[in-house]
Amino acid sequence: MRHLVSVLVQDNPGVLQRIAGLIARRGFNIESLAVGRTHQPGLSRISLVVSGDDAVLEQVEKQLNRLIEVIKVTDHAEPHVERELALVKVGIAGMEERLEVKDIAEAFRARIVDVARKSIIFELTGDSTKVNNFVEALRPYGLLEVMRTGAVGMSRGEQVLKVREKKAV
Amino acid sequence: MNGAAAILKALEMQGVDLIFGHPGGTIMPTYDALYDSPIRHVLVRHEQAGVHAATAYARASGRVGVCMATSGPGALNLVTGLQDALMDSTPVIALTGNVPQALIGTDAFQEADVVGITQPVTKHNIQVRNVNDIPRIIAEAFYIASTGRPGPVLIDFPKDVQQAEFTGTFDVEVDLPGYKPTFKGHPRQIERALEALQKAEKPILMVGGGAQNAAQEIMVFAEKSGIPVIPTLMGLGAFPGTHPQCLGMPGMHGSVAANRAIHHADTILAIGLRFDDRVTGKVSRFAPNAHTIIHVDIDPAEIGKLVKTAIPVVGDAKWVAAELAKGAKKLNISKWWGQLEDWKTKHPFAWKPKPHLQSQEVIQAFWEATRGKAIVTSGVGQHQMFAAQFYKFDAPRSWINSGGLGTMGVGLPFAIGAALARPGELVIDFDGDGSFQMTLQELATLKKLDLNVKIVILNNGFLGMVRQWQDLFHARRYSEVYLADSNPDFAKLAEAYGIKGITLTDKARLHETVKEVLAHPGPVLLEARVYHEEGVFPMIPSGGAAEDMIIENPRETVAGD
């Protein structure tokens, strides 16, 4: 099963290496990893997509929690928003193809961000399935490049991932 | 004050009075500051020995062990010892020098990415980039190393940080938002554990290395409840080996009683252990009748990692054991005890008498002569298992070996660290001819310190444990395990370092030799030439389960001696 996990970390040097190393070392199957700053200085947020059963997920969370710089780990089992950004460059042979791929892009609400004589770059945001479907729809036309960011996510409603005072001794 | 002096001042404030280390170019400012510091420094002859000695210092004393090395090769020599400390949850602080920050990343002389390399082998590591951060980072490192599940922490100091002028404060607070270990176990879970034990017909208590600080509380709980106790290799001494409720250690070379008890138990209370594969064997066949496993551990990640836990208790072993002791009631398990006594009586750890000297009887003789009153260290191999089987450990922190990583060569540096941690106490290192030769240069350190360490090399002329596996599982094809044709004369080797050396070959002289070793003040190396093809039994073959236990040496049972 696929899980989206959010990790709030102190953004010290090397923290990403620590997380990536741990995931690799423990043999967890990771599909994507995305990282960026938060609105709070000193804190970054990482989104991980891992696949595995509940036991695997539990170990991923527990092992991540062991890292000193990891402040909080959440598995987004609850309703959540999930997005991925993709840039897709498609090769275009002629006018007819150009119209076709534009139709496809419109159906997916993708934006054109670059047009050249023999190629177009589309920008698409959506969950991973939508991005997959978009890429597959364009595949017959000749994909030149596909760049995806990996999924990021956030719980719906009031639930937030924040620095919580853990119960001290 | 420069950064180097600030490092030593901050260490002093953490109560450090001893550092094991080896100097080199990038750590020189700190060695210079050490010249004026009250902190004692022990010069080891190889950095690996320094981290091992610090590990044993921590394990024997319950305090934090500290070691120091220079950049690059010096720091890299710590890697094995750091992983060893990590696997056996030992609080160690490693201080390393590094090239000046301006040279980092340029492939400078003696440069290595020590923080990157040691990330997987430490509980935490950090490079200090601002001289004024030194006191805070050192305070945090000690807090991380010694609390929660203890472990090694490495702090890397670029040379320019050591040389820079310190203008900061030593009045620092530890504030780690991501690190707040749980100390007190959940009261409801503890209640549930006690209820489950009350209902059990065949309960057992397993205690591991994490229970070494909880020996008193475990004793109260065990005696109040009357539960059978199984200390693991790392838990030996956390419950007295000579206590009637002790079944001996479990696992690959564990006792018949312990392994059968685990196999038949319906309820297992496990305190401070991590269900290592050397304990469980094939995990899917481990404790097949145990419907209730209660796992007490301070590290939540250990719970449910390998075995399915019915009642998890996250908390400090000492605290939880005290709570369990408070609520303990006598268990009604006389029938169970009848079975256990039967296994205990029929299958004690034993060996068959032979005309040659045997490792087991040498260890037994030392146990009898010391009445168990010694700190025992060992290398890794057959001698380690024999020591675990035949030296009865009655006191916590009296058995220091490499359980998780199985690091050959730890025996002598462990003995040095333990002797310095507990001055005045006798330390015996049971070592193998193979294991000992991995760190024998530390005889120099031992000579200089003149510690009361007795090295007992059980020389069988082989890498004995590997030879045993080749014997049992590789059709006796003894590939690259023969040492006898090129071993040194160990007694002469000791004499070369100015240490008393004795060679024992004659079985009849065993007891007088043991007396001679113990009577000599200061270090002694005894080389006991033992039977060369002995095996460690019982044995559960790797990947097997309790039912697959080989109780006696099959070679001897079939072919005789």
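Structure shown above.
Predicted model, so just to flag it, every value in this text is computed and none were measured.

**Q** Before we go on, may I ask you to explain the overall build of chain A in this structure?
**A** In terms of regular secondary structure, chain A is built from four helices and nine strands. Helices and strands appear in chain A in the N-to-C order β-α-β-β-α-β-β-α-β-β-α-β-β. By principal-axis analysis of the C-alpha atoms, chain A measures approximately 70 × 30 × 30 Å. Looking at chain A as a whole, 43% of its 169 residues qualify as buried. Put simply, 74% of the contacts in chain A that link residues at least 6 apart link residues at least 24 apart. Accessible surface, chain A: about 9,500 Å² in total, of which carbon and sulfur atoms supply 52%. When the 25 positive and 23 negative side-chain charges of chain A are each reduced to one mean point, those points stand 5 Å apart.

**Q** What exactly am I supposed to notice about the overall build of chain B here?
**A** For chain B, the helix and strand inventory stands at 23 helices and 17 strands. In summary, chain B has a C-alpha radius of gyration of 24 Å against a globular reference of 24 Å for 561 residues, a match within 12%. Its C-alpha atoms give chain B principal-axis dimensions of roughly 70 × 60 × 40 Å. For chain B, the share of sequence-separated contacts (at least 6 apart) that also reach a separation of at least 24 residues comes to 75%. Of the roughly 21,100 Å² of accessible surface on chain B, 53% is carried by carbon and sulfur atoms. Averaging the locations of the 51 positively and 58 negatively charged side chains of chain B gives two centres separated by 7 Å.

**Q** Can you help me understand empty space enclosed by the protein in this one?
**A** Vacant regions in the atomic arrangement are exposed by a probe of water-molecule size rolled over the atoms. Residues and elements named next belong to chain B. Counted according to the given criterion, the structure contains three cavities of 30 Å³ or more. Roughly 80 Å³ of internal volume is contained in the largest cavity. The wall of the largest cavity is formed by 13 residues, among which Ile262, Val279, Thr280, Phe286 and Ala546 lie closest to the centre. Elements that contribute at least two residues to the lining of the largest cavity include exactly α11 (256-264) and α12 (277-280). A per-element tally of the lining of the largest cavity places α11 first, with three residues. When the residues that make up the lining of the largest cavity are grouped by side-chain class, the tally is eight nonpolar, four polar and one charged. Of the voids in this model, the second largest cavity is the one considered here, and its volume is about 40 Å³. Counting residues per element, the ones that place at least two in the lining of the second largest cavity are α9 (187-199) and α10 (215-225). Residues of the lining of the second largest cavity, tallied by class, amount to five nonpolar, three polar and one charged.

**Q** How should I be thinking about a nonpolar patch on the surface in this particular structure?
**A** Residue and element names in this part refer to chain A. A contiguous nonpolar patch, built from Leu87, Val113 and Met147 and spanning about 260 Å² of accessible area, is present on the exposed surface. Looking at the element boundaries, methionine 147 is found in strand β8 (residues 143-148). Its relative accessible area of 51% is what places methionine 147 among the exposed residues.

**Q** Hey, could you run me through the packing of α10 of chain B against helix α13 (residues 317-327) of chain B in this one?
**A** Axis angle and axis distance: for two packed helices, these are the angle between their axes and the distance between the axes, and together they describe the pair. All names here are of chain B. Closest axis-to-axis distance for the α10/α13 pair is 8 Å, and the angle between their directions is 25°. In this view, α10 runs roughly parallel relative to α13, as classed from their interaxial angle. The interaxial crossing formed by α10 with α13 has left-handed handedness. Only Lys318, Ala321, Ala322, Leu324, Ala325 and Lys326 of α13 make contact with α10, whose side of the interface consists of Gln216, Glu217, Ile218, Val220, Phe221 and Lys224. Across the contact of α10 with α13, the residue classes break down as seven nonpolar, one polar and four charged.

**Q** I would appreciate a short explanation of the sheet that holds strand β16 (residues 500-504) of chain B in the present structure.
**A** The strands making up a sheet associate through hydrogen bonds between their backbones, and the pairing can be parallel or antiparallel. Residue and element names in this part refer to chain B. An order of β13-β12-β14-β15-β17-β16 is seen for the six strands of this open sheet, with the pairing classed as parallel. At either margin of the open sheet sits one strand with a lone partner, and together these are β13 (399-400) and β16. The pairing of strand β12 (residues 375-378) with strand β14 (residues 427-432) spans four bridges and is parallel. Each bridged residue has a counterpart across the sheet, and for isoleucine 375 the counterpart in β14 is valine 427.

**Q** Before we go on, may I ask you to explain the packing of helix α3 (residues 47-61) of chain B against helix α17 (residues 411-421) of chain B in this structure?
**A** All names here are of chain B. Closest axis-to-axis distance for the α3/α17 pair is 7 Å, and the angle between their directions is 45°. Between α3 and α17, the crossing angle belongs to the class labelled oblique. With respect to the hand of their crossing, α3 and α17 are arranged in right-handed fashion. Note on element contacts: α17 touches α3 through Pro413, Phe414, Gly417, Ala418, Leu420 and Ala421, opposite Ala49, His52, Ala53, Thr55, Ala56, Tyr57, Ala60 and Ser61. Looking at side-chain class alone, the contact of α3 with α17 contains ten nonpolar, four polar and no charged residues.

**Q** Can you help me understand the pairing of strand β11 (residues 311-314) of chain B in this one?
**A** Note on strand geometry: in a regular strand, side chains alternate between the two faces of the sheet. All names here are of chain B. With burial as the criterion, only one face of β11 is covered, namely that bearing Ile311 and Val313; the residues Pro312 and Val314 on the opposite face remain uncovered. Judged from the four bridges that link them, strand β10 (residues 292-297) and β11 form a sheet pairing that is parallel. For valine 296, the partnering residue across the bridge sits in β11 and is valine 313.

**Q** In this structure, what is going on with the nonpolar core? I would like to understand it.
**A** Across soluble globular proteins, nonpolar side chains show a tendency to be buried alongside one another. All names here are of chain B. Counting residues in each nonpolar core, the largest one holds 54 residues, and the members touching the most others are Phe221 and Ile268. Setting aside anything within four residues of it in sequence, one finds phenylalanine 221 in contact with Leu194, Leu197, Leu205, Ile227, Leu269, Ala321, Leu324, Ala325 and Ala328. Counting 47 residues, the second-largest nonpolar core is a separate cluster that includes Ala56, Leu82, Phe436 and Ile455.

**Q** Just to check I follow, could you spell out the interface of chain A and chain B for this structure?
**A** By convention, interface size is frequently given as the accessible area that disappears when the constituent parts associate. With 22 residues of chain A in contact, the opposing surface of chain B contributes 21 residues. At the surface where chain A touches chain B, the tally comes to one salt bridge. The partner of aspartate 299 of chain B in a salt bridge is arginine 66 of chain A, with the nearest N and O atoms 3.2 Å apart. Counting the contacts that link chain A with chain B gives five residue pairs in polar contact (both at pLDDT 80 or more).

**Q** Help me out: how do you make sense of the sheet that holds β10 of chain B in this one?
**A** Residue and element names in this part refer to chain B. With respect to topology, five strands assemble into an open sheet ordered β8-β7-β9-β10-β11, the strand pairing being parallel. Because the sheet does not close on itself, it has two edges, and the strands there are β8 (229-231) and β11. Across the sheet, the mean angle separating the axes of adjacent strands is 15° when strand polarity is ignored. Alignment of strand β7 (residues 203-207) against strand β9 (residues 267-271), held across five bridges, turns out to be parallel. Each bridged residue has a counterpart across the sheet, and for methionine 206 the counterpart in β9 is alanine 270. Set on the sheet, α10 makes contact with β7, β8 and β9; between it and β7 the angle comes to about 170°.

**Q** Please clarify how the packing of aromatic side chains should be interpreted in this entry.
**A** Aromatic ring pairs are reported here in terms of the distance separating the ring centres and the angle at which the planes meet. Within the structure shown, the criterion is met by 17 aromatic pairs over all chains. Centroid distance phenylalanine 122 of chain A to phenylalanine 134 of chain A: 5.8 Å. Interplanar angle 85°. Geometry classified as edge-to-face. You can see phenylalanine 122 of chain A sitting in strand β7 (residues 119-126) and its partner phenylalanine 134 of chain A sitting in helix α4 (residues 128-138), a full twelve residues away along the chain. The residues phenylalanine 122 of chain A and phenylalanine 134 of chain A share a single accessibility class, namely buried. Aromatic ring contacts, followed pair by pair, group Phe366, Tyr391, Phe393, Trp399 and Phe430 of chain B into a single cluster.

Scoring rules and cut-offs
Residues numbered from 1 in each chain as written. Chains lettered and ligands numbered in written order. Predicted model: local features only at pLDDT ≥ 70, side-chain atom pairs only at ≥ 80, totals over all residues. Heavy atoms only, no water. Helix = DSSP H or I, 4+ residues; strand = E, 2+ residues; numbered from the N terminus. Buried < 20%, exposed > 50% of the residue type's maximum accessible area, 1.4 Å probe, protein only. Contact = heavy atoms within 4.5 Å. Areas by Shrake-Rupley, 256 points an atom, 1.4 Å probe, with all protein chains shown as cover. Lys, Arg positive; Asp, Glu negative; His and termini not counted. Charge placed at Lys NZ, Arg CZ, Asp CG, Glu CD. Rg over C-alpha atoms; globule rule 2.2 N^0.38 Å. 1 Å grid on protein atoms, 1.4 Å probe; cavity = no way out; pocket = protein on both sides within 12 Å on 5 of 7 lines; lining within 4 Å. Points joined across faces, edges and corners; volume = space filled by probe spheres on them. Nonpolar A, V, L, I, M, F, W, Y, C, P; charged D, E, K, R; others polar. Patch = residues over 30% accessible without salt bridge, like charges linked within 9 Å, V, L, I, M, F, W, Y side chains within 5 Å. Salt bridge = Lys/Arg side-chain N within 4 Å of Asp/Glu carboxyl O. Axes fitted to C-alpha atoms, helices over the stretch in contact; angles between N-to-C directions. Parallel < 35°, antiparallel > 145°, perpendicular 65-115°, else oblique. Left-handed = near helix turned anticlockwise from the far one by under 90°. Pairing = 2+ DSSP bridges. Core = buried A, V, L, I, M, F, W, Y, C linked by side-chain atoms within 4.5 Å. Polar contact = N/O pair within 3.5 Å; in protein donor to acceptor, adjacent residues only side chain to side chain. Phe/Tyr/Trp six-rings, centres within 6.5 Å; stacked < 30°, edge-to-face > 60°.

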